[in-house]
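# Residue-level structural notes
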Amino acid sequence: MSASPAAPAAISRDPATGQQIASHPFATAAELEAILDRGQAGFAAWSAQSLEQRANVLRAMAAVLRRDREPLAALATAEMGKVHAESLAEIEKCAVLCDWYADNGAAFLRDEPTSVADNKAYVSYLPLGVVLGIMPWNFPYWQVMRAAVPILMGGNGFLLKPAENIVGTAALLAAAWRDAGLPEGTFIAANISREGTSAAIADDRIAAVTLTGSVAAGRSIAAQAGQALKKVVLELGGSDPFIVLADADLEAAVDAAVASRFQNTGQVCIAGKRIIVEEAVYERFVALFCERVQALTVGDGREAGNRIGPMARQDLLEQLDAQVRASVEAGAQLLVGGKQLDRPGSFYAPTVLAGVEPGMQAFDTETFGPVASISRARDADHAVELANQSEFGLSGNLWTGDHARAMQLARRLQTGGVFVNGFSASDPRVPIGGVKKSGFGRELSHFGIREFVNAQTVWFDRR
């Protein structure tokens, strides 16, 4: 196997100051060969362990995460700007995930009987091999663990290619797995270049691929995995609708909309990005929403009291600002924010755009940062029409006091999930994934753990 020469290193910078944190060399072709060999050895050792042994390692990992939560959180905040309290919450969420799969994973993977008479046929769920995980920067621990934990519980190995600005957090996560007792080589974090990633996908030592990232990245990785005839799961962009109908609890809906949109400085795939409000309560909602947004405190995530941190990279801020400016030029009303703050670092003011309509960038494209767009709907049917008028279909939110109507409307929303009178969240008890250009396949729940296993039929004495 060979890989083309890569740039010498990935650079991580503190987005609150712009200062360089570290330089991480990319793996050479020879180093990638050694990594893939280590992955094969790790997979062989791990796949031989029983379901109960795997569960015990997951429980140990939960304990390690809780023990080391402060240094783990500190580096996440330094590398991508996450507010410290959110970094701590992310690590606890990963620990809960480990505990949940430790308690439930074996039941999803044990041999399953069939309706064939006399118990002569059953299905086994067997590991595939080493899965390559291409992961983003916005949740440097949760995104990785959401993919890796069920994959590992299934007996597979996991090779992590992290985003270039969070290589340090990936290394800490790999060290935590070693402390938890995972065999050497079963979870590897490697700073692999784009060319090296392509070489790994084509290599027989990689069995499958999972990606969380952009639509463009999804197209590229899916094409490469398809060429290599390998399973792939994609969780791509999202521009989730947040529908508020006239009979909703308006105060609760406003609070949830602010929390959903501005969590993690707005850098969340399943955030309610397109807020669609029924006409009868539109003006009141907008007033309350702007009032809450103007109260948000912005600053370094290491400083107590700040609700919004810097955006992860300056180029992402500039892209977001261009989307806001284009939307305003197309007729959107800029009510709050709409500019980079005059201070060191990549800080963008929490922003509210109202009167947003199809054809504007804030409606048609994913805004990945602290920008909320609000659209007016004539009625519930128009709200659903606007919600579906998107190339994305990750999740959606629906606020109404009529649960029966909510169930009917939910079936009409073209999304992988619908959250009624609450905002979207990923939870190990339910699957997450999208439709349309938000990708395919599912993570979490029993759906996620069975994405990367061989459902092997065993049938005795069939004549």
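Look up a bit, the structure's there.
The structure contained in this document is the topic of the report that follows. (Residues numbered from 1 in each chain as written. Predicted model: local features only at pLDDT ≥ 70, side-chain atom pairs only at ≥ 80, totals over all residues. Heavy atoms only, no water.)

Below, the discussion takes up helix α5 (residues 142–153). Taking 1.5 Å per residue, 12 residues should reach 16 Å; α5 reaches 16 Å between its end C-alpha atoms and fits that length. Counting buried residues in α5 gives 12 out of 12 residues, a clear majority hidden from the surface. Residues of α5 that are buried: Trp142, Gln143, Val144, Met145, Arg146, Ala147, Ala148, Val149, Pro150, Ile151, Leu152 and Met153. Among the residues trailing α5, Gly155 stands out with phi positive, at a value near 95°. (Helix = DSSP H or I, 4+ residues; strand = E, 2+ residues; numbered from the N terminus. Expected span 1.5 Å × (residues − 1). Buried < 20%, exposed > 50% of the residue type's maximum accessible area, 1.4 Å probe, protein only.)

Under the definition given, this model contains 28 salt bridges. Across the salt bridge formed by Arg302 and Asp14, the nearest N and O atoms sit 2.6 Å from each other. Note that Arg302 is positioned in the loop between α10 (279–294) and α11 (314–329) and Asp14 in the loop between β1 (9–13) and β2 (20–25), a separation of 288 residues in sequence. In this structure Arg302 comes out as partly exposed when scored by relative accessible area, which is 42%. Accessibility expressed as a relative area gives 8% for Asp14, which makes it buried. Here Arg292 ties to Glu291 by a salt bridge, and the two come within 3.8 Å at their closest N and O atoms. When salt bridges that share partners are traced, they join Glu33, Asp37, Asp203 and Arg205 into one network. (Salt bridge = Lys/Arg side-chain N within 4 Å of Asp/Glu carboxyl O.)

By the element assignment, Asn306 lies in the loop between α10 and α11. For Asn306, the side chain forms a polar contact with the main-chain oxygen of Asp300, separated by 2.9 Å. (Polar contact = N/O pair within 3.5 Å; in protein donor to acceptor, adjacent residues only side chain to side chain.)

Running from N to C, helix α7 (residues 194–202) and helix α8 (residues 215–227) point in directions that differ by 35°, and their axes come no closer than 9 Å. When you trace α7 past α8, the crossing you get is right-handed. Where α7 abuts α8, its residues Thr197, Ser198 and Ile201 lie against Ile221, Gln224 and Ala225. Considering only residue class, the contact of α7 with α8 consists of 3 nonpolar, 3 polar and no charged. (Axes fitted to C-alpha atoms, helices over the stretch in contact; angles between N-to-C directions. Left-handed = near helix turned anticlockwise from the far one by under 90°. Contact = heavy atoms within 4.5 Å. Nonpolar A, V, L, I, M, F, W, Y, C, P; charged D, E, K, R; others polar.)

Taken as a class, soluble globular proteins show a tendency for nonpolar side chains to be buried jointly. One finds Leu65, Met145, Trp177 and Phe187 to be the most contacted residues of the largest nonpolar core, which totals 60 residues. For this core, the elements supplying multiple residues, two or more each, are α2 (51–67), α3 (69–80), α4 (84–109), β4 (121–127), α5, β6 (157–161) and α6 (167–180). Per element, the largest residue contribution to this core is 11 residues, and it comes from α4. Among residues more than four places away in sequence, those in contact with Met145 are Met61, Leu65, Cys94, Leu97, Cys98, Pro150, Leu173 and Trp177. Counting residues in each nonpolar core, the second largest holds 33 residues, with Phe242, Val244, Leu250 and Ala372 among its members. (Core = buried A, V, L, I, M, F, W, Y, C linked by side-chain atoms within 4.5 Å.)

Once that is clear, we can look at α11. Given 3.6 residues to a turn, an α-helix orients residues that are three or four positions apart in the same direction. For α11, with 16 residues, the first-to-last C-alpha span of 23 Å sits near the 22 Å given by 1.5 Å per residue. When α11 is considered as a whole, its buried residues turn out to be Leu316, Leu317, Leu320, Asp321, Gln323, Val324 and Ser327. Projected down its long axis, α11 shows its buried positions confined to an angular sector of 155°, all on one face. Buried residues belonging to α11 abut β13 (351–354), α12 (361–364) and β14 (371–377). Positive phi shows up at Gly331, right after α11, with a value of about 120°. (Arc of directions from axis to C-beta.)

This part is about the pairing of β1. Burial along β1 is one-sided: the residues Ala10 and Ser12 are buried and none of Ala9, Ile11 and Arg13 is. As paired strands, β1 and β2 are joined by 5 bridges and run antiparallel to one another. Counted as the bridge partner of Ala9 is Pro25 from β2. In textbook terms, the turn of a hairpin is the stretch between consecutive antiparallel strands, and for β1 and β2 this stretch comprises 6 residues, one of which, Gly18, has a positive phi near 80°. (Pairing = 2+ DSSP bridges.)

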